[in-house]
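# Coordinate inspection notes
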Amino acid sequence: MPSSPNFIDEPARRVEVIHHTDVLVVGSGPSGLAAALAAARAGVEVTLVERFGCFGGNITVVGVEGFAWYRHEATVEAGGIGGDRIAHAATRNMACCAVAGQGAGVAAALSLKAGRDLAAVDIAAVQAKLERQGVRVR
């Protein structure tokens, strides 16, 4: 079949499989870490890969720490936790990302264990597992 502007044709190649896992999580930001932990707690084998040399993903690599434990002129006071506007903007979203990742990890594990497509997983079972892991879902 000839190439077209919408496709790139590549020759077939043989690639060695170097690792087997049940759930593969790509990225160790708040969502990725939570997904990996939740899936492992739900009883499946998990592999977490991160392209940088540290957990936290892009947030950590670019220097936006979760909380900036320092004081300077631009520091914003937030109930005793100081930080600049960038740090506070990043941390404001981390909890939501972590809980979403935790839900994704549990759903992936339950999907695998039940041998069902992810869309067919019972949401009540996901919620029950999350509640057992300490997540407030209601």
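Before reading further, recall that the structure is shown in the block above.
Residues numbered from 1 in each chain as written. Predicted model: local features only at pLDDT ≥ 70, side-chain atom pairs only at ≥ 80, totals over all residues. Heavy atoms only, no water.

What follows covers the side chain of Thr47. Locating Thr47 in the fold gives a position in strand β2 (residues 46-49). Relative accessible area serves as the criterion here: at 15%, Thr47 is assigned to the buried category. Every residue in contact with Thr47, bar those within four places of it in the chain, is listed here: His19, Thr21, Val23, Leu24 and Val25. (Helix = DSSP H or I, 4+ residues; strand = E, 2+ residues; numbered from the N terminus. Buried < 20%, exposed > 50% of the residue type's maximum accessible area, 1.4 Å probe, protein only. Contact = heavy atoms within 4.5 Å.)

Moving on, we come to the side chain of Gln102. With respect to the secondary-structure elements, Gln102 resides in helix α3 (residues 85-114). Reaching out from Gln102, the side chain makes a polar contact with the side chain of Gln133 at a distance of 2.8 Å. If sequence neighbours within four positions are ignored, Gln102 has contacts with Ala34, Ala35, Ala38, Arg41, Leu130, Gln133 and Val135. (Polar contact = N/O pair within 3.5 Å; in protein donor to acceptor, adjacent residues only side chain to side chain.)

Inspection of helix α4 (residues 123-132) places Val126, Lys129 and Leu130 among the buried residues, and these make up the whole buried set. End-on view of α4: buried residues confined to an arc of 100 degrees, all on one side of the axis. Two to three positions downstream of the cap, the backbone nitrogen of Ala124 sits 3.2 Å from a side-chain oxygen, assigning the N-cap of α4 to Asp122. Two residues or fewer past α4, Gly134 is found with a positive phi of approximately 95 degrees. (Arc of directions from axis to C-beta.)

Our next topic: the pairing of β2. Sheet topology places strand β1 (residues 23-26) next to β2; four bridges connect them, and they run parallel. Note that in β2 the partner of Val26 across the bridge is Val49. (Pairing = 2+ DSSP bridges.)

All right, on to the environment of Leu33 then. Mapped onto the fold, Leu33 is located in helix α1 (residues 30-41). For Leu33, the residues in contact, after removing those within four places along its chain, are Gly27, Ser28, Leu48 and Phe55.

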